[in-house]
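Structural description and commentary
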Amino acid sequence: MRLIFVRHGETPWNRTLQYQGQAPIPLNEHGREQARRVGQRLARSGAVALYSSDLPRAWETAEIIGEYVHLHPIAMPDLREIDVGLWQGLTPTELYQRFPEHMREYDRDPAHTVRLGGESYAQLQARVLRAFTQIEAAHRTGETIIVVSHGGSIRALFCHIIGLDLVNFGKLWLDNGSLSEIVRGRSGWRLLRMNDVAHLEDLVVEGGE
């Protein structure tokens, strides 16, 4: 079984480094072109199903991909990005200025510190693992499935897959519109590739969460 993960295309807040969390931020035109390039690359993937976070930036990415792979997205709310609570709309610099004590706590324990009014990485990981288990149970050996989600959600899952402590979460990175893939074999799930952006060429722009 192959699961191909796609991080959603770029949004205006990715450009301005604002934390999006579960805010309903749409793709920008750059992000739509990234999604089209993903769709073109996956057109011959043989995927039998297309799952997506129901947040607008992921859902629109999935709909565009779906036109190329001839699949309709299936919404899975558990694939949403981490709920960042009061972080939403702020940049990292603004966070440290506004909530210095909270950010000191976060720096001490990034895996378990709950965003103000939101979730922790550990809570995110548990939620995404629930979606992953449901997808795995719904499909047979040999099938290819596409999953459109978010940078935080995909990285949280990959930490579980490769046995990486969540404290190292921030050392992994995924660009908007990137492809990553895990494969299930005799010894379980393995990470086959991560942050593959060969299809994007000039469309990779370093942005925020």
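Before reading further, recall that the structure is shown in the block above.
Before going into details, it helps to say that this report is about the structure given with it. (Residues numbered from 1 in each chain as written. Predicted model: local features only at pLDDT ≥ 70, side-chain atom pairs only at ≥ 80, totals over all residues. Heavy atoms only, no water.)

1. Side note on the sheet that holds strand β6 (residues 188-196)
How we decide: Strands qualify as paired when DSSP identifies two bridges or more between them. In this text, helices come from DSSP runs of H or I with a minimum length of four residues, and strands from runs of E with a minimum of two, each type numbered from the N-terminal end. Between two residues, a contact is recorded if the distance between any of their heavy atoms is within 4.5 Å. Working convention: axes come from line fits to C-alpha atoms, limited for helices to the stretch in contact. Angles between N-to-C directions cover 0 to 180 degrees.
Taken in spatial order, the 6 strands line up as β3-β2-β4-β1-β5-β6 in an open sheet, and their pairing is mixed. Of all strands in the sheet, those bounded by a partner on one side alone are β3 (74-75) and β6. Looking at chain direction, strand β2 (residues 49-52) and strand β4 (residues 144-149) are connected through 4 bridges and run parallel. Its bridge partner lying in β4, Y51 is registered against V147. Helix α3 (residues 56-69) rests against β1 (2-7), β2, β3 and β4 of the sheet, and its axis sits at about 150 degrees to β4.

2. Considering the nonpolar core
Just so we agree on the cut-off: As used in this record, nonpolar core signifies buried Ala, Val, Leu, Ile, Met, Phe, Trp, Tyr and Cys residues forming a set joined through side-chain atoms within 4.5 Å. The rule is simple: take the accessible area with a 1.4 Å probe, protein chains only, and divide by the maximum for that residue type; under 20% is buried, over 50% is exposed, in between is partly exposed.
Counting residues in each nonpolar core, the largest one holds 37 residues, and the members touching the most others are L3, F5, F132, I145, L157 and I182. Those elements giving two or more residues to this core turn out to be β1, β2, α5 (100-108), α6 (121-138), β4 and α7 (151-162). With 7 residues, the top contributor of residues to this core is α6. Those residues in contact with L157, other than ones at most four positions away along the chain, are F5, V128, L129 and F132. Listed in part, the 14 residues of the second largest apolar core include V6, L50, A58 and I146.

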